[in-house]
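Letter by letter, the chains look like this.
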2 protein chains.
Amino acid sequence: MTRADDSAVRDLAERLVSGDTRALARAISLVENDAPEAQALLSACFPHTGNALRIGVTGAPGAGKSTLVDRLARGWREAQRKVGIIAVDPTSPFTGGAILGDRIRMQERLGDDGLYVRSMATRGALGGLARASADVAQVIEASGKDIVLIETVGVGQDEIDIARLADVTIVVLVPGMGDDVQSLKAGIMEIADIFVINKSDREGADRVEKEIRAMQSFAQTHAEWIPPVVRTVGTSGEGIPALSDAIEQMQQWLMTCGRLESRRKSCWRVRIEEMVRQALLKEARAHGLSAEDLTLFAESVTAKQTNPYTLVPKLVAEVFHDRRRLP
Amino acid sequence: MTRADDSAVRDLAERLVSGDTRALARAISLVENDAPEAQALLSACFPHTGNALRIGVTGAPGAGKSTLVDRLARGWREAQRKVGIIAVDPTSPFTGGAILGDRIRMQERLGDDGLYVRSMATRGALGGLARASADVAQVIEASGKDIVLIETVGVGQDEIDIARLADVTIVVLVPGMGDDVQSLKAGIMEIADIFVINKSDREGADRVEKEIRAMQSFAQTHAEWIPPVVRTVGTSGEGIPALSDAIEQMQQWLMTCGRLESRRKSCWRVRIEEMVRQALLKEARAHGLSAEDLTLFAESVTAKQTNPYTLVPKLVAEVFHDRRRLP
């Protein structure tokens, strides 16, 4: 980056910190696309972060997460709390874009400076989405939001990784999902701080709650905080105040005995490692590991002309060797 | 590694290549645990790989994948084909170990040198499981198996990553899963070479097939190969010959026009990049990025004493700096 770029980044950061929504949108795009300015921008945003409550909301597609998130956001706005929402959107040709459409409508309906909604598409790279959404959350936080909601679709490893970055994780279930709780991806039950049974006017809500309770008694992953089970009907708003209260209670619990700090510490530990990994890979890409090189290596390995297990140590040594020769 | 280690590794590789099952089991453990000998072992195995057909089997928990895999394996064994099976096992406290138990029983029941079954647990690290299972598949292949089956539980990103490493990917569905096909994680439909509707004696098999067909007509991801839909009843063995035939046909199709080579090339491209990433991280761990260091950094970042976006470039520069000073 040139010095001019550097001052442009500082200017952009200042504008977004002061609440300029267009600057915020532009900054998110830079971070999401991993633009050359992204690191400097995130660095400038960092001092303005740490005060918002981050809430992750996850659950199977069709569980009604968007409606819940909308309802929660409206309630907080009425209480004058500023809210940012990141909706992590799968890019499957079958479902892609659905959430984005909903959210654009929501944004328009509210026409409210204290609410910012952004959709993010699934990245191809391993761990890319978790990293990108964490960085975007930082930027949104820096813009002065009190609450940042991160909504993911699905209950796979991606979602677990994303949810781990939140202070409070809400897992949304619905009655009548066939195998119900058992069908959830291993690991998703363990990350829940609050369970929501949405569409709880449907038959089977009792059974879902019973299953959650049975797993809790078996797992005992949370020694002190026993995740409450809240029943909601997102479309009518029933149970939203109770959910809001549960979040409030969880926040109170986190605020005591350094629990929030300890959670955030483990979160940063994971993220720093991931950031280092990414930085090392960039270094490698700049030194003999371009996309074209990799394709050639793969060709040669497939043809059994090159042994990948001897190739890779050689490549890595070369990355360091080239770096050594740089001025 | 010392010279003695090196010769021990060569000895172990020779024994497993010649069909020694105990050597195979030991080699897999070394690879799975990423032992210091792992790279040398994989390097020694590499020349003995490339001839087996790799089949990935994925689908929601409870879809009956293990039963299908067992039935397929028995059929191949009757035809004198040697089979290796990797069952990727989730480590959730709720479900962990179930598959492993089943598989130990299967192994005992058959008492057959031409069949090797191994369970693998979910790794914590991002992408770790895909890498580890691909390496284990290499070792099993080197032991002279004609077919290597990789069975995963669930349909998340992990499973997609693992399935991408196979020559043929089978996605197993069952009727009456609630949202059925729509509830599948985005991306899983696109990787299927063969769809299986298992438990097809249940009500709803027609509907599942119709949904798959509808998605196929919409997606058209496979221009030439249209994934067939095979109905099975794993418990009775119904449809297993048809599934076997479908695999055979896919293999024939792959064998023409360099399709198998082209698939394996893209697979190696992904894997080489991942291997480089891993090697770089190891380098970093050896130079100021130990677990303890990371914890200290995370503490300092949480306390807002350190900005992670300036810390990481500094850490990465130090990795190279330290490496430069080494003899």
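1. With respect to the overall build of chain A
Move 1: Counting secondary structure elements, chain A contains 13 helices and 7 strands.
Move 2: The buried share of chain A, reckoned over its 327 residues, is 55%.
Move 3: Partitioning the contacts of chain A with sequence separation of at least 6, the portion at a separation of at least 24 is 76%.
Move 4: Here chain A displays about 14,000 Å² of accessible surface, and carbon together with sulfur accounts for 51% of that area.

2. Let's talk about the packing of helix 4 (residues 65-78) of chain A against helix 10 (residues 240-255) of chain A
All names here are of chain A.
Move 1: One way to put it is that helix 4 packs onto helix 10 with a least axis distance of 10 Å and a crossing angle of 75 degrees. Classified by the angle their axes make, helix 4 and helix 10 are roughly perpendicular. On helix 10, the residues touching Leu68, Arg71, Leu72 and Trp76 of helix 4 are Ile240, Leu243, Ser244 and Ile247.
Move 2: Counted by class, the contact of helix 4 with helix 10 contains 6 nonpolar, 1 polar and 1 charged residues.

3. Some points on the environment of B:Glu32
Move 1: The residue B:Glu32 is located in helix 2 (residues 21-32) in this model.
Move 2: The spatial distance from the C-alpha of B:Glu32 to the C-alpha of B:Ala132 is 5.9 Å, given a sequence separation of 100 residues.

4. A word on helix 10 (residues 240-255) of chain B
Residues and elements named next belong to chain B.
Move 1: Along its 16 residues, helix 10 runs 23 Å from first to last C-alpha, staying within 8% of the 22 Å computed at 1.5 Å per residue.
Move 2: Inspection of helix 10 places Ile240, Leu243, Ala246, Ile247, Met250, Gln251, Trp253 and Leu254 among the buried residues, and these make up the whole buried set. The buried side chains of helix 10 occupy one side of the element, clustering within an arc of 160 degrees when seen end-on. When the buried face of helix 10 is taken as reference, the exposed residues oriented beyond 90 degrees from it are Pro241, Gln249 and Met255.
Move 3: On the buried face of helix 10, the contacting elements are strand 1 (53-59), helix 4 (65-78), strand 5 (168-173), strand 6 (194-197), strand 7 (229-231) and helix 11 (259-286).
Move 4: Two residues or fewer past helix 10, Cys257 is found with a positive phi of approximately 60 degrees.

5. Concerning the packing of aromatic side chains
To describe a pair of aromatic rings, one takes the distance between the centres and the angle between the planes.
Move 1: Per the stated rule, a full pass over the model turns up 4 aromatic pairs over all chains.
Move 2: Between B:Phe46 and B:Trp268, the aromatic rings sit 5.9 Å apart at their centres with planes inclined by 80 degrees, giving edge-to-face as the arrangement. One end of the pair, B:Phe46, is in the loop between helix 3 (38-45) and strand 1; the other, B:Trp268, is in helix 11, with 222 residues separating them in the sequence. Each of the two residues, B:Phe46 as well as B:Trp268, counts as buried.
Move 3: On the basis of an interplanar angle of 45 degrees and a centroid distance of 5.5 Å, the ring pair of B:Trp225 and B:Trp253 is categorised as tilted. Pair noted here: B:Trp225 is in the loop between helix 9 (205-219) and strand 7 and B:Trp253 is in helix 10, with a separation of 28 residues, a long-range link.
Move 4: Residue class for B:Trp225 comes out buried when judged on its relative accessible area of 10%.
Move 5: Above the ring of B:Phe46, the side-chain terminus of A:Lys304 is found at 3.9 Å from the ring centroid.

6. Focus on the pairing of strand 1 (residues 53-59) of chain A
All names here are of chain A.
Move 1: With 7 of 7 residues buried, strand 1 lies mostly within the body of the structure.
Move 2: Of the two faces of strand 1, the one holding Leu53, Ile55, Val57 and Gly59 and the one holding Arg54, Gly56 and Thr58 are both buried throughout.
Move 3: Here strand 1 pairs with strand 5 (residues 168-173) via 5 bridges, running parallel. Paired with Gly59 across the two strands is Val172, which belongs to strand 5.

7. Concerning unusual backbone geometry
Move 1: The backbone phi angle of A:Cys257 is positive, close to 60 degrees, even though this residue is not glycine.
Move 2: At B:Lys199, a position not held by glycine, the phi torsion is positive, near 55 degrees.

8. Section: the pattern of salt bridges
All names here are of chain B.
Move 1: Within the structure shown, the criterion is met by 36 salt bridges over all chains.
Move 2: The salt bridge involving Arg15 is made with Asp11; its shortest N-O contact spans 3.6 Å. In this pair, Arg15 and Asp11 are both assigned in helix 1 (residues 3-17), 4 residues apart and thus about one turn of the helix distant.
Move 3: For Arg15, a relative accessible area of 35% puts it in the partly exposed group.
Move 4: Asp11 gets classed as partly exposed once you look at its relative accessible area, which sits at 39%.
Move 5: Linking Asp135 and Arg271 is a salt bridge whose minimum nitrogen-to-oxygen distance equals 2.5 Å. With Asp135 in helix 6 (residues 128-142) and Arg271 in helix 11, the pair connects residues that are 136 residues apart, well separated along the chain. Summarising the burial analysis for this pair, Asp135 and Arg271 share the class buried.

9. Quick word on the environment of B:Leu16
Residue and element names in this part refer to chain B.
Move 1: Turning to its location among the elements, Leu16 is positioned in helix 1.
Move 2: According to the relative accessible area criterion, Leu16 is buried, its value standing at 0%.
Move 3: Linking Leu16 and Arg26, residues 10 residues apart in sequence, is a C-alpha distance of 9.2 Å.
Move 4: Residue contacts for Leu16: discarding those within four places in its chain leaves Ala23, Leu24, Ala27, Cys45, Val139, Ala142 and Ser143.

10. Things to note about the pairing of strand 4 (residues 147-152) of chain B
Residue and element names in this part refer to chain B.
Move 1: The buried count for strand 4 comes to 6 of 6 residues, which makes it a mostly enclosed element.
Move 2: Residues of strand 4 alternate between two faces, with Ile147, Leu149 and Glu151 on one and Val148, Ile150 and Thr152 on the opposite face, all of them buried.
Move 3: For strand 1 and strand 4, the ladder comprises 5 bridges, and the chain directions are parallel. Paired with Gly56 across the strands is Ile150, a residue of strand 4.

11. Some points on helix 4 of chain A
Move 1: Helix length check: helix 4 of chain A, at 14 residues, gives a terminal C-alpha distance of 20 Å against a target of 20 Å (1.5 Å per residue), a fit within 8%.
Move 2: Of all the residues in helix 4 of chain A, the buried ones are A:Lys65, A:Ser66, A:Leu68, A:Val69, A:Asp70, A:Leu72, A:Ala73, A:Trp76 and A:Arg77.

12. Topic: the confidence of the model for chain A
The predicted coordinates ought not to be read in detail in places where the model reports low pLDDT.
All names here are of chain A.
Move 1: Residues of chain A with pLDDT of at least 70 account for 80%, and the chain-wide mean is 82.
Move 2: This model gives residues 91-101 a pLDDT under 50, and the stretch forms 26 contacts once residues within four places in sequence are excluded.
Move 3: The ipTM assigned to the predicted complex is 0.80, against a pTM of 0.69.

The rules behind each value
Residues numbered from 1 in each chain as written. Chains lettered and ligands numbered in written order. Predicted model: local features only at pLDDT ≥ 70, side-chain atom pairs only at ≥ 80, totals over all residues. Heavy atoms only, no water. Helix = DSSP H or I, 4+ residues; strand = E, 2+ residues; numbered from the N terminus. Buried < 20%, exposed > 50% of the residue type's maximum accessible area, 1.4 Å probe, protein only. Contact = heavy atoms within 4.5 Å. Areas by Shrake-Rupley, 256 points an atom, 1.4 Å probe, with all protein chains shown as cover. Axes fitted to C-alpha atoms, helices over the stretch in contact; angles between N-to-C directions. Parallel < 35°, antiparallel > 145°, perpendicular 65-115°, else oblique. Nonpolar A, V, L, I, M, F, W, Y, C, P; charged D, E, K, R; others polar. Expected span 1.5 Å × (residues − 1). Arc of directions from axis to C-beta. Phe/Tyr/Trp six-rings, centres within 6.5 Å; stacked < 30°, edge-to-face > 60°. Lys NZ or Arg CZ within 6 Å of the ring centre and 35° of its normal. Pairing = 2+ DSSP bridges. Salt bridge = Lys/Arg side-chain N within 4 Å of Asp/Glu carboxyl O. pLDDT = per-residue confidence, 0-100.

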